[in-house]
Amino acid sequence: MALPKSVLIREVGPRDGLQNESVWLDTNEKRTWIDLLAAAQLPYIEVTSFVHPAWVPALKDARELAQSLNKKDKITYAALIPNEKGLAHFFEANLDIGAMFVSSSETHNKKNMNQSIQETLPVIKQMTADLKAEGRKTRAYLSTVFGCPYEKQVPMDQVLRLTEYLLSCGIDEISLGDTIGEAHPLQVERRLDILLERFPADKIALHFHDTKGMGLANIYTALKTGITIFDASSGGLGGCPYAPGSSGNVATEDVVHMLHKLGIETNVDFPRLIRAAEWIEAKVDRTLPSHCLHAFHSHYLIKDE
């Protein structure tokens, strides 16, 4: 099958990347990083999560940050909304896309959401209706699709059932998560073959972690099935706090570099993407796993505007 001509990148670094970091970035620093990502022309930036501060201390300034963004035209600003209280904060900040979460693994959902899957689904349905009533777009993360740290392999029937439910609620886009970096190309191909027999490709995004170095290979496999939406994190920052053994998300600059080499358009400014990754690597004060960050960092000198 031919590769797509263009791909959409969903930048999740400011939310998914920072949620498990022990180094604190203050609100101004987070906003500066988001501005750098916007300058790289990333079309979608997930800026934070309105989760209780006790659960994710790194994002405890979510309300302040979301209400103080330097919003740019043609950039979609999103946030993760765990519950109705988070939804109220989302509307206060006037963001564009509300993202919700459910795991395909019962155990992981209970650890991450402190409730069962069956308790989570009606909350998502109601919040989706509330968002739609206000003219907002919606996104849902379906986690542990390719493996769970507690239950190991999640049955495909469970993934199909939850995908169907979420779409029936009016969710605009479902991001299927490889939460612990367990996926491999053959598994990705098989699962997508089944999913895409029932659901349109433009409703499906993929969220790969690079825990075992398979992230780009999995994306390439997904491209060949017709998927054109991928999550990624600047510098490869991130990891799920409730999934032992998970490491960083696939790095945005690695994904964009591969796509450009394949002749696939992203509209992302690669030199400025490297700059954003350099900035966050310095702030978290550790070497991030992005390959392109270290291969290209000295090639691009961008003057401050």
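Please read all numbers here as calculations on a predicted model, not as lab measurements. (Residues numbered from 1 in each chain as written. Predicted model: local features only at pLDDT ≥ 70, side-chain atom pairs only at ≥ 80, totals over all residues. Heavy atoms only, no water.)

Novice: Kindly report on the pairing of strand β7 (residues 204-208), identifying the contributing residues and their values.
Specialist: Among the five residues that make up β7, five are buried, leaving the element largely enclosed by the rest of the structure. Burial of the side chains of β7 extends over both faces: I204, L206 and F208 are buried on one face and A205 and H207 on the other. Summarising the sheet, strand β6 (residues 173-178) and β7 pair through five bridges and their orientation is parallel. Bridge assignment links I174 to a residue of β7, and that residue is I204. In this region the chain leaves β6, passes through helix α8 (residues 185-198) and returns to the parallel neighbour β7; the handedness of that crossover is right-handed. (Buried < 20%, exposed > 50% of the residue type's maximum accessible area, 1.4 Å probe, protein only. Helix = DSSP H or I, 4+ residues; strand = E, 2+ residues; numbered from the N terminus. Pairing = 2+ DSSP bridges. Right-handed = clockwise from strand over helix to strand, strands pointing away.)

Novice: Quick rundown of helix α2 (residues 27-39)? Include the residues and the values.
Specialist: Counted at 1.5 Å a residue, the expected span for α2 with its 13 residues is 18 Å, and the 18 Å between its end C-alpha atoms agrees. If you check which residues of α2 are buried, you get T27, K30, R31, W33, I34, L36, L37 and A38. Among the structural elements, β1 (8-11), α1 (13-17), β2 (44-49), α3 (62-66), β3 (76-80) and α11 (270-284) are those in contact with the buried residues of α2. Measuring from the side-chain oxygen of the N-cap residue of α2 to the backbone nitrogen of N28 gives 3.1 Å; that N-cap residue is D26. Directly after α2, the chain includes Q41, whose backbone phi takes a positive value near 70 degrees. (Expected span 1.5 Å × (residues − 1). Contact = heavy atoms within 4.5 Å. Polar contact = N/O pair within 3.5 Å; in protein donor to acceptor, adjacent residues only side chain to side chain.)

Novice: Explain the nonpolar core to me, using residue names and the numbers behind them.
Specialist: As a rule of thumb, soluble globular proteins bury nonpolar side chains together. Ranked by internal contacts, the top residues of the largest apolar core, which has 83 residues, are L95 and L206. The element best represented in this core is α11, accounting for seven residues. If sequence neighbours within four positions are ignored, L95 has contacts with V47, F50, A66, L69, K71, Y77, A78, A79, F90 and R136. (Core = buried A, V, L, I, M, F, W, Y, C linked by side-chain atoms within 4.5 Å.)

Novice: Which residues make up the packing of helix α9 (residues 215-225) against helix α10 (residues 252-261), and what values go with them?
Specialist: Put simply, α9 and α10 touch, their axes get as near as 11 Å, and they point 45 degrees apart. As summarised for this structure, α9 and α10 are arranged oblique, according to the angle between their axes. Considering how the two elements wind past one another, α9 and α10 form a crossing that is right-handed. Across the interface between the two elements, L216, I219, Y220 and L223 from α9 touch D254, V255, M258 and L259 from α10. Of the residues that constitute the contact of α9 with α10, the class distribution is seven nonpolar, no polar and one charged. (Axes fitted to C-alpha atoms, helices over the stretch in contact; angles between N-to-C directions. Parallel < 35°, antiparallel > 145°, perpendicular 65-115°, else oblique. Left-handed = near helix turned anticlockwise from the far one by under 90°. Nonpolar A, V, L, I, M, F, W, Y, C, P; charged D, E, K, R; others polar.)

Novice: Could you give an account of the packing of helix α6 (residues 117-133) against helix α7 (residues 156-168), with specific residues and numbers?
Specialist: Relative placement of two packed helices is described by the angle separating their axes and the distance separating the axes. With their axes 11 Å apart at the nearest point, α6 and α7 run at an angle of 25 degrees to one another. The angle between α6 and α7 places the two elements in the roughly parallel class. The handedness of the crossing between α6 and α7 is right-handed. Touching I117, Q118, L121, P122, I124 and K125 of α6 are Q158, R161, L162, Y165 and L166, all from α7.

Novice: For the pattern of salt bridges, give the residues involved together with the corresponding values.
Specialist: Tallied over the full model, the rule gives 13 salt bridges. Measuring nitrogen to oxygen at the nearest pair gives 2.7 Å for the salt bridge that ties K132 to D172. Here K132, found in helix α6, pairs with D172, found in the loop between α7 and β6; they are 40 residues apart in sequence, far enough to count as distant. Given the relative accessible area of 34%, K132 is considered partly exposed. Since its relative accessible area comes to 19%, D172 is described here as buried. (Salt bridge = Lys/Arg side-chain N within 4 Å of Asp/Glu carboxyl O.)

That is the geometry; function is a separate question.
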